[in-house]
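# Tertiary structure, described
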Amino acid sequence: SDFGWRGLFGKRDFHSGIDIVADAKTDVFTPIGGEVIHLAYNGTHSGVVIADGERQYTFWHMTPAESLSKGDKVEEGACVGQLVDLGRSTHLHYSIHLTGPTMDHKDRKDSNAVDPLSLLDL
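A brief structural summary. Treat the numbers as computed from the prediction; the structure is a model and nothing was measured. (Residues numbered from 1 in each chain as written. Predicted model: local features only at pLDDT ≥ 70, side-chain atom pairs only at ≥ 80, totals over all residues. Heavy atoms only, no water.)

Let us look at the overall build of the protein chain. Summing up its helical and strand segments, the protein chain has zero helices and twelve strands in all. Of the regular secondary structure in the protein chain, the N- to C-terminal order runs β-β-β-β-β-β-β-β-β-β-β-β. A compact globule built from 122 residues should have a C-alpha radius of gyration of about 14 Å, and the protein chain, at 14 Å, falls within 12% of that. By its C-alpha atoms, the protein chain is 40 × 30 × 30 Å across when sized along the principal axes. Taking contacts inside the protein chain between residues at least 6 apart in sequence as the whole, the part at least 24 apart equals 57%. With the model as given, the accessible surface of the protein chain reaches about 7200 Å², and the carbon-plus-sulfur share is 50%. (Helix = DSSP H or I, 4+ residues; strand = E, 2+ residues; numbered from the N terminus. Rg over C-alpha atoms; globule rule 2.2 N^0.38 Å. Contact = heavy atoms within 4.5 Å. Areas by Shrake-Rupley, 256 points an atom, 1.4 Å probe, with all protein chains shown as cover.)

Looking at the largest pocket, its volume works out to about 370 Å³. Considering the residues around the largest pocket, the lining is formed by 19 residues, among which Arg6, His15, His45, Trp60 and His93 are closest to the centre. In terms of residues, the lining of the largest pocket owes the most to one element, strand S11 (residues 91-98), which gives four residues. Within the lining of the largest pocket, the residues separate by chemical class into three nonpolar, eleven polar and five charged. Taken as a whole, the second largest pocket spans an internal volume of roughly 210 Å³. (1 Å grid on protein atoms, 1.4 Å probe; cavity = no way out; pocket = protein on both sides within 12 Å on 5 of 7 lines; lining within 4 Å. Points joined across faces, edges and corners; volume = space filled by probe spheres on them. Nonpolar A, V, L, I, M, F, W, Y, C, P; charged D, E, K, R; others polar.)

What follows is about the nonpolar core. Judged by nonpolar contacts, the single largest core of 18 residues is most densely connected at Val48, Ile50, Phe59, Met62 and Leu68. Here this core gets three residues from one element, more than from any other, and that element is S11. In this view, Ile50 contacts Thr30, Ile32, Gly33, Gly34, Glu35, Val36, Arg55, Gln56, Tyr57, Phe59, Val74 and Val80; residues no more than four positions away in its chain are not counted. (Core = buried A, V, L, I, M, F, W, Y, C linked by side-chain atoms within 4.5 Å. Buried < 20%, exposed > 50% of the residue type's maximum accessible area, 1.4 Å probe, protein only.)

We now examine the packing of aromatic side chains. Overall, the coordinates contain three aromatic pairs when judged by the stated rule. Note on Trp5 and Phe14: the rings are 5.4 Å apart at their centroids and 70° apart in plane angle, and the pair reads as edge-to-face. Through a chain of ring-to-ring contacts, the aromatic side chains of Phe3, Trp5 and Phe14 assemble into a single cluster. (Phe/Tyr/Trp six-rings, centres within 6.5 Å; stacked < 30°, edge-to-face > 60°.)

A word on the environment of His105. By the secondary structure assignment, His105 is in the loop between S11 and strand S12 (113-114). Along the backbone, His105 and Ile32 are 73 residues apart, and their C-alpha atoms lie at a distance of 17 Å. Other than its neighbours up to four places away in sequence, His105 contacts Ile37, His38, Val49 and Gln56. A distance of 3.3 Å separates a polar atom in the side chain of His105 from a polar atom in the side chain of His38. (Polar contact = N/O pair within 3.5 Å; in protein donor to acceptor, adjacent residues only side chain to side chain.)

It is worth stressing that arrangement in space is one thing and function is another; only the former is reported here.
What follows is the structure in structure tokens.
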């Protein structure tokens, strides 16, 4: 799914990121460096949130790398985990939120989401 409003299960839904389809167990590499502020190992929102001091970057539907801990600093290009098997819908949900200097992952909101594709230099 693309960023923005979409139809989902017969309702309008705001999708705060982009979905990137890939096979289960595909390695996920971060395009930015920053601090790991949230890790989740179970459920729909299993994944990693990284903050760079201005933005928070979310990688959902993946198992965080065993070597990661909250508070770790990661460099651009680091492997942060692997995609989990969601059957026919296995994908990485990637979102970017303009949260400012907060280190609370709950400060990510639809209202501060940015289309990740708009930040690419194409």
